[in-house]
Amino acid sequence: MPRRTDVTPRDLKDMLRHIVIFERFAENPSRYRWRLIGGAITPIAGNHTGKTFEETVPPEHMERWVSCCDLVLDGGQPMRCLGRVHLQGREYLDADNLFVPLANDNNEPAFVMGLCHYTPRCSGSDDIFENQIASLPGGLL
């Protein structure tokens, strides 16, 4: 698992606008904060850099967000999530997100980096993407 410090903005320059990084700063229960939000994501999720999930994620989605991040960090493997956006009136968007674990400087899984892509919902896609999660073998990245 790469460390967060191993991945630089220069490495991600072509995708940086679509990147988010979450940091797990407490465990049992897990708590997360937004460390980075790309410019293409802020119109959808908001500019929450430095804020915690408790401050920004709707309460009805909190368990799902924390569980997904925990799954990525505890499993040590990437995860792709397909679904609907349920934030700030953006329900007309579909989400295709790839999340990968990153370690801290002590090589402990502590960060989740996401590559997020949002598109307007296609007609007829109402039930296709709802709540789908597909794990990717680590070797595909």
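In case you missed it, the structure is sitting above this.
The shown structure was predicted, so the numbers you read here are calculated from the model rather than taken from an experiment.

Undergrad: Explain the overall build of the chain here, please?
TA: When you go through the chain residue by residue, the secondary structure sums to three helices and six strands. Secondary structure elements of the chain occur, N-terminal to C-terminal, as β-β-α-α-α-β-β-β-β. Classification of the 141 residues of the chain by burial places 39% in the buried group. By sequence separation, contacts in the chain at least 24 residues apart represent 52% of the contacts at least 6 residues apart. Total accessible area on the chain stands at roughly 8100 Å², and carbon and sulfur atoms take up 51% of it.

Undergrad: Explain the nonpolar core to me, please; I cannot follow it from the model alone.
TA: Generally speaking, a soluble globular protein has its nonpolar side chains buried in company with each other. Core analysis: the biggest nonpolar cluster contains 25 residues, and Val20, Phe22, Tyr32, Trp34, Phe53, Phe99 and Val112 have the highest contact counts within it. Of all the secondary structure elements, the ones that give two or more residues to this core are β1 (19-26), β2 (31-37), α1 (42-45), α3 (59-75), β3 (79-84), β4 (93-103) and β5 (109-120). No other element matches the six residues that α3 contributes to this core. If we skip the residues at most four places from it in the chain, Tyr32 touches Phe22, Glu23, Arg24, Phe25, Thr52, Phe53, Glu54, Val66, Cys69, Asp70 and Leu73. Leu12, Ile19, Ala110 and Met113 belong to the second largest nonpolar core, which has eight residues in total.

Undergrad: For this particular structure, what's the right way to read α3?
TA: Residues separated by three or four positions in an α-helix point in the same direction, a consequence of the helix having 3.6 residues per turn. Given a rise of 1.5 Å per residue, 17 residues ought to cover 24 Å, and the 25 Å separating the end C-alpha atoms of α3 matches this to within 8%. Just downstream of α3 lies Gly76, where phi reads positive at about 70°.

Undergrad: What's the story with the pairing of β4 in this structure? I'm lost.
TA: Regular strands have side chains that alternate between both faces of the sheet. In terms of burial, β4 is a largely internal element, nine of the eleven residues being buried. Summarising the sheet, β3 and β4 pair through six bridges and their orientation is antiparallel. Looking across to β4, one finds that Met79 is bridged to Phe99. Pairing between β4 and β5: eleven bridges, direction antiparallel.

Undergrad: When you look at the side chain of Asp70 in this model, what are you seeing that I'm missing?
TA: As for its placement among the helices and strands, Asp70 is situated in helix α3. According to the relative accessible area criterion, Asp70 is buried, its value standing at 17%. Beyond its immediate stretch of four places on either side in the chain, Asp70 contacts Arg24, Ser30, Tyr32 and Gly75.

Rules used throughout
- Residues numbered from 1 in each chain as written.
- Predicted model: local features only at pLDDT ≥ 70, side-chain atom pairs only at ≥ 80, totals over all residues.
- Heavy atoms only, no water.
- Helix = DSSP H or I, 4+ residues; strand = E, 2+ residues; numbered from the N terminus.
- Buried < 20%, exposed > 50% of the residue type's maximum accessible area, 1.4 Å probe, protein only.
- Contact = heavy atoms within 4.5 Å.
- Areas by Shrake-Rupley, 256 points an atom, 1.4 Å probe, with all protein chains shown as cover.
- Core = buried A, V, L, I, M, F, W, Y, C linked by side-chain atoms within 4.5 Å.
- Expected span 1.5 Å × (residues − 1).
- Pairing = 2+ DSSP bridges.

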